[in-house]
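Residue-level listing of the chains:
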Amino acid sequence: MAKKILIMDTILRDAHQSHAATRMTTEQMIPILGQLDEIGYYSLEGWGGATFDSCMRYLNEDPWERLRTLKKYLKKTPIQMLLRGQNLLGYRNYADDLVDKVVEKSIENGIGVVRVFDALNDPRNIESSMRAIKKYGAGGKCVCEAAISYTTSPVHTLDYFVKLAKTYENMGADNICVKDMANLLLPFEAFELVTALKKELLPETKLHLHTHNTTGTGDMVNLMAIKAGVDIVDTALSPLANGTSQPATEPLVATLQGTEYDTGIDLKKLIPIAAHFKKVAADLEKDGALNPKVRQVDVNTLIYQVPGGMLSNLMNQLKKAGKEEKLSEVLAEVPNVRKDCGYPPLVTPSSQIVGTQAVMNIVMGERYKMVTKETKDLFAGKYGQLPMPVNEEIAEKVLKGDKRISYRPADDLEPEYDKLKEEVVAKGYYTQEEDVLSYASFPEVAENFFKWRKAKNEGVDSDMAKSGVYPV
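Residues numbered from 1 in each chain as written. Predicted model: local features only at pLDDT ≥ 70, side-chain atom pairs only at ≥ 80, totals over all residues. Heavy atoms only, no water.

Enquirer: What should I look at first to understand the pairing of strand β1 (residues 6–9) in this one?
Expert: Where a strand is regular, its side chains alternate between the two sheet faces. In this structure, β1 lies alongside strand β8 (residues 232–235), joined through four bridges in parallel fashion. In the strand pairing of β8, Ile7 is matched with Val233. The sheet contact formed by β1 and strand β2 (residues 43–48) spans two bridges and is parallel. Following the sheet pairing, Met8 is matched in β2 by Ser43. (Pairing = 2+ DSSP bridges. Helix = DSSP H or I, 4+ residues; strand = E, 2+ residues; numbered from the N terminus.)

Enquirer: Would you explain the pairing of strand β6 (residues 175–180) in this entry?
Expert: Across the six residues that make up β6, a large majority, six, are buried. The two faces of β6 match: Asn175, Cys177 and Lys179 on one face and Ile176, Val178 and Asp180 on the other face are all buried. Where strand β5 (residues 143–149) meets β6, five bridges bridge the pair, whose relative direction is parallel. When the sheet's bridge partners are listed, Ser149 is paired in β6 with Lys179. Following the backbone out of β5, through helix α7 (residues 158–170) and into the adjacent parallel β6, one traces a crossover that is right-handed. Tracing the backbone out of β6, into helix α8 (residues 187–200) and back to the parallel element strand β7 (residues 206–211) gives a crossover that is right-handed. (Buried < 20%, exposed > 50% of the residue type's maximum accessible area, 1.4 Å probe, protein only. Right-handed = clockwise from strand over helix to strand, strands pointing away.)

Enquirer: Could you clarify how one ought to interpret helix α14 (residues 327–340) in this entry?
Expert: Turn by turn, an α-helix covers 3.6 residues, leaving residues three or four places apart pointing in a common direction. An ideal rise of 1.5 Å per residue puts 20 Å on 14 residues; α14 measures up with 20 Å between its terminal C-alpha atoms. The largest bend along α14 measures about 25° and falls at Glu333, with the proline Pro335 one to four residues further on. Among all positions of α14, only Val330, Leu331, Glu333, Val334, Val337, Arg338 and Asp340 are buried. At the C-terminal side of α14, Gly342 shows a positive phi close to 85°. (Expected span 1.5 Å × (residues − 1). Bend = angle between axes of the 7 residues up to and from the residue.)

The structure is reproduced here in structure tokens:
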């Protein structure tokens, strides 16, 4: 049945994360937020993912203050965030009390849609997050959107994705998102997947598609998904769209205009907003944060299933090792490592784990001669249940008799919040509960930011704070 298509625009988060290492500042956003709020988007993604780290590490911004600022200007449009399940806004598993507190404070400070996912698609790793979203977002205050990390492998079949979607729906998800982070979902497969999901999901459960345009198929993927009945698609305004980012907003709005799928968005209202972000993109490129190469089509993603960010990371690792000529060998090794450890989707943090191990296997000249702690933990089940059994021969070599677990990894974690709060208070940095959550996510980065903030507030040279010699 034909219907109006809803759009979530990623211009305030994933678009500049994908193109410019999340370097857009809050000040660059503020002048245009009022106009964005009038467009009629389903939501605007503005928080979570890497923004939390980048705000403190590179921009000297409090991520919580950014959220409050966005909420001040976005009075009509829900702010959406990306949450990594039990990994929250960082890269390790956090205790359930921290999960609860992060969700509580996110919603309290203005989040209206939480997209939560797990890199391995292990439902156990998002159950605490979903429970908290339903608790603090009750009464329509916040939408709980559970995301499936899309990938391809012998186990990632149509039945697998439908079953997982139903599991998330039964856990309380309001929306189900297909998160195609590497642009591996091809157009006709998108039609088939959306058709199957819409057939099985409840009528009131919205289906949301998130893809990129890394391989150049993103616009076609969105269009085929729309024909199959998807409810919401992700796009990015054109100055920071395409390539490793999302397909552009304006062409899709124009394509659907006057059809039964019309978004209801006025294309003319998007033009001045795009002009603003064109200037922002130019500034980011001038500052060296935006590399024009990220806007190009890269078919390596389809061949090796390596997302754009992961590819650049592999190249940097090889450059540091003085082995740049080994890139083709490393790319060929990535699928082998992924198979050895049970076909995890390649998204943070599994993409970094698999990629780094592939580099080590090639550079060392022997597979698994040297392994990282993260690789060991992945094989040991400490990131969650892998989609398929691991290669036992390799597992024995990697683990060397170390313990494996089959239960939820977070079950081993004691409550953390109170202890971390004591540390922040003792160091003289505590100004709000949110400071504890920033410190929990990135202790060293947060502490350096707190020093800078304290120096700024007390009129001390901020360079002194950055050097780490500021007295506390």
